[in-house]
2 protein chains.
Amino acid sequence: MTEKGVRARIVEAADRLFYGHGIGRVGMDAVRDEAGASLKAIYREFSSKEDLVLAVLEHRHQLWTAGLESAMVGLTEPRERLLAVYDYLASWFDEADFRGCGFINAFAELGADSPRIAAAVRDHKASFQRYVDAQVVEIGAAPSLGPQLAILAEGAQTSAAIAGAPDAAMSARAAAEVLIDAAMAGQADRG
Amino acid sequence: MTEKGVRARIVEAADRLFYGHGIGRVGMDAVRDEAGASLKAIYREFSSKEDLVLAVLEHRHQLWTAGLESAMVGLTEPRERLLAVYDYLASWFDEADFRGCGFINAFAELGADSPRIAAAVRDHKASFQRYVDAQVVEIGAAPSLGPQLAILAEGAQTSAAIAGAPDAAMSARAAAEVLIDAAMAGQADRG
DNA sequence: CCCGGCGGAGAACGTTCGTTCTCGGTGATG
DNA sequence: CATCACCGAGAACGAACGTTCTCCGCCGGG
């Protein structure tokens, strides 16, 4: 347990620093100070900084997935579950230290030269896409709606980060409502 | 002219390298080699790497704006002009060296600690938003449509970059059509 | 009490980077 | 021809980084 505790402390400290300042601008010394661990302990858990970055991304993926699921407890209708995505985004954007999607940021910084990090980011986004697609199937809309709703979520994240405008989540939500209703009307027409 | 030529060569070389590998991973020595200039010449034109980055962003902004305008020559109807945005994105995504939006990438890498770069990125996105808003006004749709269309464009860029799927532009275009038509129908209802 | 290994603090090392300096050459001006 | 400002090539410098090593204190087993 103490070993796991150390590892978790390191990952969470690195996550805070990487997310807040960018990966390249945070040295291992800063991670050591923030985690209250030793460099030796860090390198015992992770064989390189890239490995630590991958662990941080995995950790963020767990947080994101758990947050998404908790945002839709009690929502049974797929339409509501789809729209809850944007409510979840809205609450995220309102956090004081919001600085965009950590996966997009990591990809922008390291994706070109680190295939492993690029793959981790792709996996995360694909997982989200699968979730959206599943709800789209459940409401019986055309599959083309799935990518459209995911694009809205992606765009809301970068718009909110760059413009500092958390209301991008509500814009995306309103757009999603129109798209969902249009897609379901289209399905109703032919079935 | 020769002075301008040197400056332009430096900016274009830096742009290629920064965009292809990320700003932090490209040193001034690499810029010197790619531009065929001397370090002294670079620092005569730009007092620091940050200044060079700002010049590169300004250059990219000009390219983007010019490309957008050329994508809609001959299109007179605002609806067509709005949709041409996504056609322009599609042709961009198909370029071999497409690696996402250089502004988003720069913001992800340096926005947290460099206010000047953050401001340059914000200005670029605000300029695009103004263009979209102007077309939205012209077709007489509710102003809330503007941010929604911009979010679609943002999301298409990151989706295409991360998933390596250029068809995100066509997904966004299809969604934009639905949103525009719904917004205009709504306006028609009440006037 | 003694000993051996483990862990932490931090120095050290090699590299890379942003920036500046040195040096030798070149071309215009008198 | 002499002078002088300017230029490019590249060395140099100080800082920061990722990673490893050294040293010392601590703790359990004899």
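Notes on the structure in this doc start here. Each residue is numbered by its place in its chain's sequence as written, counting from 1. Labels are handed out in written order, letters beginning with A for the chains and numbers beginning with 1 for the ligands. Where local features are concerned, this predicted model is filtered to residues with pLDDT of at least 70; where side-chain atom pairs are given and counted, the filter is 80 or more; whole-chain, interface and lining totals use all residues. Excluded from the side-chain calculations are hydrogens and water; all other atoms, namely the structure's heavy atoms, are used.

**Some remarks on the packing of helix α8 (residues 145-163) of chain A against helix α8 (residues 145-163) of chain B**
So, point 1. Here α8(A) crosses α8(B) at 100°, and the two axes come no closer than 7 Å. Here α8(A) lies roughly perpendicular to α8(B), going by the angle between them. Facing α8(A), whose interface residues are A:Ile151, A:Leu152, A:Glu154, A:Gly155, A:Ala156, A:Thr158 and A:Ser159, α8(B) presents B:Ile151, B:Leu152, B:Glu154, B:Gly155, B:Ala156, B:Thr158 and B:Ser159.
So, point 2. Among the residues making up the contact of α8(A) with α8(B), the classes are represented as six nonpolar, six polar and two charged. For helices, the axis comes from a line fit to the C-alpha atoms of the stretch in contact; other axes are also lines fit to C-alpha atoms, and the angle between any two N-to-C directions lies between 0 and 180 degrees. Here a helix means four or more residues in a row that DSSP labels H or I, a strand means two or more in a row labelled E, and each is numbered from the N terminus. Just so you know how the angles are binned, under 35 degrees is roughly parallel, over 145 roughly antiparallel, 65 to 115 roughly perpendicular, and the rest oblique. What makes two residues a contact is simply this: any of their non-hydrogen atoms within 4.5 Å. All residues other than Ala, Val, Leu, Ile, Met, Phe, Trp, Tyr, Cys, Pro, Asp, Glu, Lys and Arg, Gly among them, are scored as polar; the first ten of these are nonpolar and the last four charged.

**Digging into the protein's contact with DNA strand D**
So, point 1. Summary of the distance rule: residues count as near a molecule or strand when at least one heavy atom falls within 4 Å of that molecule or strand. DNA strand D sits among A:Val26, A:Gly27, A:Met28, A:Leu39, A:Lys40, A:Tyr43, A:Ser48, A:Lys49, B:Ser38, B:Lys40, B:Ala41 and B:Arg44.
So, point 2. Among all atoms of DNA strand D positioned within 4 Å of the protein, those belonging to sugar or phosphate total 58%.
So, point 3. A:Met28 is positioned with one of its backbone polar atoms (N or O) 2.7 Å from a phosphate oxygen of DNA strand D.
So, point 4. Polar contact is defined as a pair of N or O atoms within 3.5 Å, subject to the rule that within protein one atom must be able to donate a hydrogen and the other to accept it, and that residues adjacent in sequence are counted only when both atoms are side-chain atoms. At 3.3 Å from a phosphate oxygen of DNA strand D is found a side-chain nitrogen or oxygen belonging to B:Ser38.
So, point 5. Of all the secondary structure elements, the ones that give two or more residues to the surface near DNA strand D are α3 (39-45) of chain A together with α3 (39-45) of chain B.
So, point 6. Grouping the amino acids of the surface near DNA strand D by side-chain chemistry returns five nonpolar, three polar and four charged.

**Points about the packing of aromatic side chains**
So, point 1. Geometry of aromatic contacts follows a simple scheme: Phe, Tyr and Trp rings, the Trp one being its six-membered ring, pair when their centres are within 6.5 Å, and the pair is stacked under 30 degrees between planes, edge-to-face over 60, tilted otherwise. If you walk through the whole model with that rule in mind, you get twelve aromatic pairs over all chains.
So, point 2. Their ring planes at 40° and their centres at 5.9 Å tell us that B:Trp92 and B:Phe93 sit as a pair that is tilted. Both residues of the pair, B:Trp92 and B:Phe93, belong to the buried class.
So, point 3. A network of ring pairs unites the aromatic residues A:Trp64, A:Tyr88, A:Trp92, A:Phe93, A:Phe98 and A:Phe128 as a single cluster.
So, point 4. A cation over an aromatic ring shows up here: A:Arg60 above the ring of A:Tyr19, its NZ or CZ 4.1 Å from the ring centre. A simple rule labels every residue: compare its accessible area, found with a 1.4 Å probe on the protein chains alone, to the largest value its type can have, and call it buried under 20%, exposed over 50%, or partly exposed in between. Geometrically, a charge over a ring is one whose NZ (Lys) or CZ (Arg) sits within 6 Å of the ring centre while staying within 35 degrees of the ring normal.

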